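For reference, the chains in residue letters:
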Protein chains: 2
Amino acid sequence: MKRIDFFYFFGSVYAGLSVLRIGELARAAGVELRWRPFNVRPLMQENNVALRSEARKVTYMMRDLERRSAIAGLPPVKWPVWPTDPALIHNKVGMLAADEGWIEPFTLASFKAWLFEGMAFGDDACLAHVLYKLGKDKDRTIAAAQDPRIAALYEASTEEARGHGVFGSPSFVTADGELFWGDDRLEEAIAWAAGTHPLQTR
Amino acid sequence: MKRIDFFYFFGSVYAGLSVLRIGELARAAGVELRWRPFNVRPLMQENNVALRSEARKVTYMMRDLERRSAIAGLPPVKWPVWPTDPALIHNKVGMLAADEGWIEPFTLASFKAWLFEGMAFGDDACLAHVLYKLGKDKDRTIAAAQDPRIAALYEASTEEARGHGVFGSPSFVTADGELFWGDDRLEEAIAWAAGTHPLQTR
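## Topic: the pairing of strand E1 (residues 3-8) of chain A
Then step 1. Across the six residues that make up E1(A), a large majority, five, are buried.
Then step 2. Of the pairings in the sheet, the one linking E1(A) to strand E2 (residues 32-37) of chain A comprises six bridges and is parallel in character. Within E2(A), the position partnered with Tyr8(A) by the bridge is Pro37(A).
Then step 3. In the classification by handedness, the crossover that spans E1(A), the intervening helix H1 (residues 13-29) of chain A and the parallel E2(A) is right-handed.
Then step 4. Looking at chain direction, E1(A) and strand E3 (residues 171-174) of chain B are connected through four bridges and run antiparallel. Bridge assignment links Phe6(A) to a residue of E3(B), and that residue is Phe172(B).

Printed below as a string of structure tokens:
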């Protein structure tokens, strides 16, 4: 049965964008639409305070990730290992890699290990695995990443992000200072950087 | 200058999706990419606790809304009037409209008044404006919306949303119970309802 229950609240900004688009999209796809006003307030409050409801959001996030990675043509994502990188050591090796010019392959190998191979950021085994792939000596690299100069570069990078108004990860900042937050804004950020975003061209 | 600073944290799940996609997208668009590890933790914490940083997020949201409505081909969105519908009267008129079969035009007219005409949900002037457009008597309608039966229907709708795992607005639930949250998941929800989502077909 092709049907969607559309739950929305009179007072939610992003619901407005859906309200103004959903009718046409549903008709074009032959999907029956049920317009369902509901009270989002108690559900949002529960989600902010109670641990049990936070679990509901985490469950949602994992399913979302599963669907989004299918759309991107990626392999199935495993439940990522949490907590991640408590001592920020993986992040600091990243900073070292950025400083030395091998950040892209390090980042790709690291996220693949985390999302597809069930390894933990910051774990010795994970760093060993990733650094071996890149032909880097693990002990030398970890020692170099703990140099105060790298910590200072990492702090400066964070301050620069703050200065751009960043409040989450991932964020994309174009050369003219336009800020985009979230993987679902990646294509928009690229379009903005290329000068082809609809708000720039209309 | 076609350039993006890509700020990401080793430990952020959605950053992973971007990490695995951004290189190709940037190259295809001729955009230079700077990989910028940073510490998202203090920025997220500030944003959760301090009012001043919340303002940063609201500012972002309005800019995001401006860009997204341009993409959707909609007129420029005004800063929506807050707080909205404190007594839930606009929402209850919506519930009455759903019960009586005029929910779609009521919803469209209401969100247009809020987003494009600067009117406030729940305000007498806003309801008068919207209900007049639909040929409804304002006083009779508001009285009918305050009937306990409508309040019970609204509560039941909220409970049903909770049962589906909903925690925000807008949410889309397909006939087979798949939940999607947020306007940026609308197209995905439609595809799922139509049976053409990549996770269903691969």
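Now that the structure has been shown, we can carry on.
## Quick notes on the relation of the copies chain B and chain A
Then step 1. When chain B is brought onto chain A, the operation consists of a screw motion whose angular component is 180° and whose axial shift is 0.0 Å, with 0.0 Å RMSD remaining. The operation mapping one copy onto its partner corresponds to a two-fold rotation axis. Proximity to the rotation axis, assessed at the C-alpha, singles out Asp184(B) in chain B; its C-alpha lies 3.7 Å from the axis.
Then step 2. Of all interface residues in chain B, 100% are interface residues in chain A too; the two copies therefore contact each other through one and the same surface.

## A few points about the sheet that holds E1(A)
Then step 1. Taking strand neighbours across the sheet as the criterion, the four strands line up as E2(A)-E1(A)-E3(B)-E4(B) in an open arrangement whose pairing is mixed. The open sheet has two free edges, formed respectively by E2 of chain A together with strand E4 (179-181) of chain B, since each of these has just one partner strand. Pairs of neighbouring strands in the sheet enclose a mean axial angle of 20°, with direction left out of account.

## Considering the domain arrangement of chain A
Then step 1. Split by domain assignment, chain A resolves into domain 1 (1-38), domain 2 (89-151) and domain 3 (164-201).
Then step 2. A separation of 27 Å is found between the C-alpha centroids of domain 1 of chain A and domain 3 of chain A.

## Focus: the packing of helix H4 (residues 89-100) of chain A against helix H5 (residues 103-116) of chain A
All names here are of chain A.
Then step 1. Contact geometry for H4 and H5: axes closest at 8 Å, N-to-C directions at 155°. In terms of orientation, H4 lies roughly antiparallel with respect to H5. Contacts between H4 and H5 involve His90, Gly94, Ala97 and Ala98 from the first element and Ile103, Phe106, Thr107 and Ser110 from the second.
Then step 2. By residue class, the composition of the contact of H4 with H5 is four nonpolar, four polar and no charged.

The rules behind the values
- Residues numbered from 1 in each chain as written.
- Chains lettered and ligands numbered in written order.
- Predicted model: local features only at pLDDT ≥ 70, side-chain atom pairs only at ≥ 80, totals over all residues.
- Buried ≥ 20, exposed ≤ 12 C-beta atoms within 10 Å, placed from the backbone.
- Helix = DSSP H or I, 4+ residues; strand = E, 2+ residues; numbered from the N terminus.
- Pairing = 2+ DSSP bridges.
- Right-handed = clockwise from strand over helix to strand, strands pointing away.
- Least-squares fit on C-alpha atoms with pLDDT ≥ 70 in both.
- Contact = placed C-beta atoms within 7 Å.
- Axes fitted to C-alpha atoms, helices over the stretch in contact; angles between N-to-C directions.
- Domains from an automatic or database assignment.
- Parallel < 35°, antiparallel > 145°, perpendicular 65-115°, else oblique.
- Nonpolar A, V, L, I, M, F, W, Y, C, P; charged D, E, K, R; others polar.

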